[in-house]
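# Examination of the molecular architecture
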Amino acid sequence: MTKRLLSINDLSILLPTGADREYAVQDINLELNAGETVCVVGESGSGKSLTARAVMGLLPAPHVRIGKGEIIFDDEDLTKVTYERLRELRGSEISMIFQEPMTALNPVMTIGAQIDEVFRYHVSMSAKERVEKAVSLLVDVNLPDPAKIINAYPHELSGGQRQRSMIAMALALGPKILIADEPTTALDVTTQAQILELISDMQKRLDTGVLFITHDFGVVADIADRVIVMQHGKIVETGTTKQVLQKPKHPYTKSLIAAIPRLKPRKARSRAAKVVLEAEDICKSFGGGRSFFGFGKPSRDVKAVQNVQIELRRGETLGVVGESGSGKSTLARCIIRLIDSDAGQIKLGDVDITKLSRSELRPFRKRIQMVFQDPFASLNPRIKVGDIISQGPILQGEDKDEASKRAYELLDIVGLDRRSFDRFPHEFSGGQRQRIGIARALSLRPDILVADEPVSALDVSIQAQILELLDEIRAQMDLSMLFITHDLRVAAQVCDYVAVMQYGKIVETGPTAELFENPKDAYTKSLLAAVPGKDWHF
Amino acid sequence: MGNFWTRYKRNHAAVFGLFVIALIIVMAITASFLYPEDPFRLVGKPLSEPLTNGFLLGSDSLGRDVASGIVHGAKTSLLIGFVATLVSVFIGIFFGAFAGYFGGLIDDILMRVTEIFQTIPSFIFAILLVAILKPSMSSIVIAIAVVSWPGVARLVRGEFLAVKNREFVQACHTLGMSDLRIMLWEILPNCLSPIIVVGSLMVATAILIESGLAFLGLGDPNVMSWGFLIGAGRTMLRSAWWVCTFPGVAILITVLAINLIGEGLNDALNPRLKERQ
């Protein structure tokens, strides 16, 4: 019989008065055994992170506090222990890794010094022993050249290396419980796969119980033993991974699973003859600047995009996939001329728009529009929704009444209430804001839509709705779409053709179905292999 | 707006500051009713102590009423404080916005100019300017504005740098919006809160500089001001304390009240900072 490590009984966490609901989480029951991975899944606002924080005693008191219930760890109720006792437990018995390793690590301390702190506060060891132990930990988490990394500052490491260092720190004293709060969300897929593997390796070795918070069912399928699904602060379903993923009972779980894009690529529509956008030999590099008087070394030159060719035909969706830093967003911004490319041609029909001046470019702006990634940053908080949507046509010389009429129509098209016209963006949720962003892009009746990660900031269920909306609009208006994404599942669902980018170059391109089934380039293969939950068929 | 006032109200000191400033403004407006006489007129026995010979706050060495001087001086101080601040905020926004928005060479040139102004000690620079321009209300306003805009320019530049890369600004570019329109209609409204806060505190500094100039005899000779009163009384500080003290207290209270208001505006406009406590 495995050892019970943690049991949470009837836990409720109160939100401050005036919040949109009384409880952040309500009547939560949860158990964690040694050597087991329990995944808590839910969309943003479901209370999954607060549950994890409650275990660590890290609730943002006094605003958010435990209302009732107990958290039993080793016969001790963590809701009642003193602060000192909690501090003893943290790091040594229960430890935590966070979503964003850059902010979870102290930027002015070396990795070695931060690992050292864990030992200094919890056990007595000589300085030499501590350094040896730190190095061996870094070896354990497969960091290359640990002797060097121990003296490195967080900014000198890559995202994956930082998360490995965090894990080394969290596991330094062999805790019984590891709480991982979305530890791979900020990482690229290939790195994510490595980190997940590392966590399960370490877990086997130390027999740790892992409480894993995530929104990604793919990750769940890969690592979980048991799953807990949360919605609006309540547990709606629990069970073994197999039960929940294969035979979900609760309608919410069903809808969540149904919303996950299938990795099965769609069939490419037959190619239209007309090429609407053609990019040839696009190059863009950053840096290389000098100071005002020309002193100093020119800074390092980064080649973000190198000799990229792209061809987009009428009515098709071309996906550009790649990990962060692959240059896919830079490419999109070059094409829409938010930044000027260093070399190459971008032909909109017959016209090369790279050579046009800003005023010459203005009429062409109508034909190519963009949907942005972050729905919270892409709308001006001080301007009303109606004006956001209608200002484009007005700038292009349309009559004001005509433009407002069009804005109302667009609100209908993107599925928003007409009353939204007079509201400010902050009154809307992320998904609704993204709809506003789409309406703005459509306001000029473009031929081409450039979508830069339009769903990556959204929850899965919202994501599915937005993808559907984009597809509908594309069909209705005969749009061509350039779709930038890091998520191969999303690409599989919406793209007819896919171009895979790495280090600023396109390494492979082809019809989505063909490319997913039969990847030729080694990088494409590794990307496909790293997609979480790829063996899970539902 | 209602929300803004609720948050502002939470800071009681700020409400007090607003109340004090309102009183001083009322005092300045009604100056000619309270003391219809010209404050420069010799109206009674010189060096009368407060509450004697019909002087509420005493009289100075020439027999001018100190209370009348304070009431009339309030108008000067507030007027110069507000106008000078407006002018310098305007210059600051202009420099900061262009530097932050366009970056590159324009940024370099504008910021080097700003730095030249920042490296000159501001009060000495103000004295120099007033001495060159001949003391008058407008030259004092110009001098104060010229020495205090660089701070605003730096602030606005930073805000513009932060906002100009936000996606909504990029969206405006893709719609074909002109640079000037983006700067004025899209970015500037998002930078207003810190500008308002800094501006409110600048009013206090401007009043101090004006008083300093008047104290040194560089005020407008035709206009009564607090600094002038202090300057006139400083030689008799030990024998006639009231001549310096009351205008000094007036400056203290005004500057303090404005600072409290600035603090309150900061809490109300940047609510997140407050909640962190």
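This report concerns the structure included in the present document.

## What about the pairing of strand β13 (residues 317-321) of chain A?
Residue and element names in this part refer to chain A. The buried count for β13 comes to five of five residues, which makes it a mostly enclosed element. Along β13, one buried face is formed by Thr317, Gly319 and Val321 and the opposite face, lined by Leu318 and Val320, is buried too. Direction of pairing for β13 relative to strand β18 (residues 480-485): parallel, over a ladder of five bridges. By the bridge assignment for β18, Thr317 is matched with Met481. The pairing of β13 with strand β19 (residues 497-502) spans four bridges and is classified as parallel.

## Description of the sheet that holds strand β7 (residues 177-181) of chain A
Adjacent strands of a sheet form backbone hydrogen bonds with each other and so pair up, either parallel or antiparallel. All names here are of chain A. Read from one edge to the other, the open sheet built from six strands follows the order β6-β7-β8-β3-β9-β10, with strand pairing classed as mixed. Only two strands of the sheet have a single partner each, and these edge strands are β6 (94-97) and β10 (234-240). Taking each pair of neighbouring strands and ignoring which way they run, the sheet shows an average axis angle of 15 degrees. The strands touched by helix α8 (residues 189-206) are β3 (37-41), β6, β7 and β8 (209-214); relative to β8, the strand with the most contacts, the crossing angle is about 160 degrees. Against the sheet, helix α11 (residues 251-259) makes contact with β9 (226-231) and β10, and its axis sits at roughly 100 degrees relative to β9, the strand it touches most.

## A look at the environment of Arg489(A)
All names here are of chain A. Tracing the backbone through its elements, the reader meets Arg489 in helix α18 (residues 488-494). Counting along the chain gives 42 residues from Arg489 to Val531, while the straight-line C-alpha distance between them is 8.0 Å. In terms of polar contacts, Arg489 uses its side chain to reach the backbone carbonyl oxygen of Pro532, at 3.0 Å. Within the local environment of Arg489, its side chain forms a polar contact with the backbone oxygen of Gly533, the two atoms lying 3.3 Å apart.

## Let's talk about the pattern of salt bridges
Residue and element names in this part refer to chain A. Counted according to the given criterion, the structure contains 34 salt bridges over all chains. Between Glu31 and Arg4 there is a salt bridge; the shortest N-O distance is 3.7 Å. On the criterion of sequence distance, the pair formed by Glu31 in strand β2 (residues 23-33) and Arg4 in strand β1 (residues 4-14) is long-range, its members being 27 residues apart. Here Arg4 falls in the partly exposed class, since its relative accessible area comes to 40%. A salt bridge links Arg419 to Asp417; the shortest N-O distance between them is 2.9 Å. Arg419 gets classed as exposed once you look at its relative accessible area, which sits at 57%. Here Asp417 falls in the partly exposed class, since its relative accessible area comes to 38%. Taken together, the shared-partner salt bridges connect Lys3, Asp74, Glu93 and Lys176 into one network.

Criteria and cut-off values
- Residues numbered from 1 in each chain as written.
- Chains lettered and ligands numbered in written order.
- Predicted model: local features only at pLDDT ≥ 70, side-chain atom pairs only at ≥ 80, totals over all residues.
- Heavy atoms only, no water.
- Buried < 20%, exposed > 50% of the residue type's maximum accessible area, 1.4 Å probe, protein only.
- Helix = DSSP H or I, 4+ residues; strand = E, 2+ residues; numbered from the N terminus.
- Pairing = 2+ DSSP bridges.
- Axes fitted to C-alpha atoms, helices over the stretch in contact; angles between N-to-C directions.
- Contact = heavy atoms within 4.5 Å.
- Polar contact = N/O pair within 3.5 Å; in protein donor to acceptor, adjacent residues only side chain to side chain.
- Salt bridge = Lys/Arg side-chain N within 4 Å of Asp/Glu carboxyl O.

By themselves, these observations are geometric and do not establish any function.
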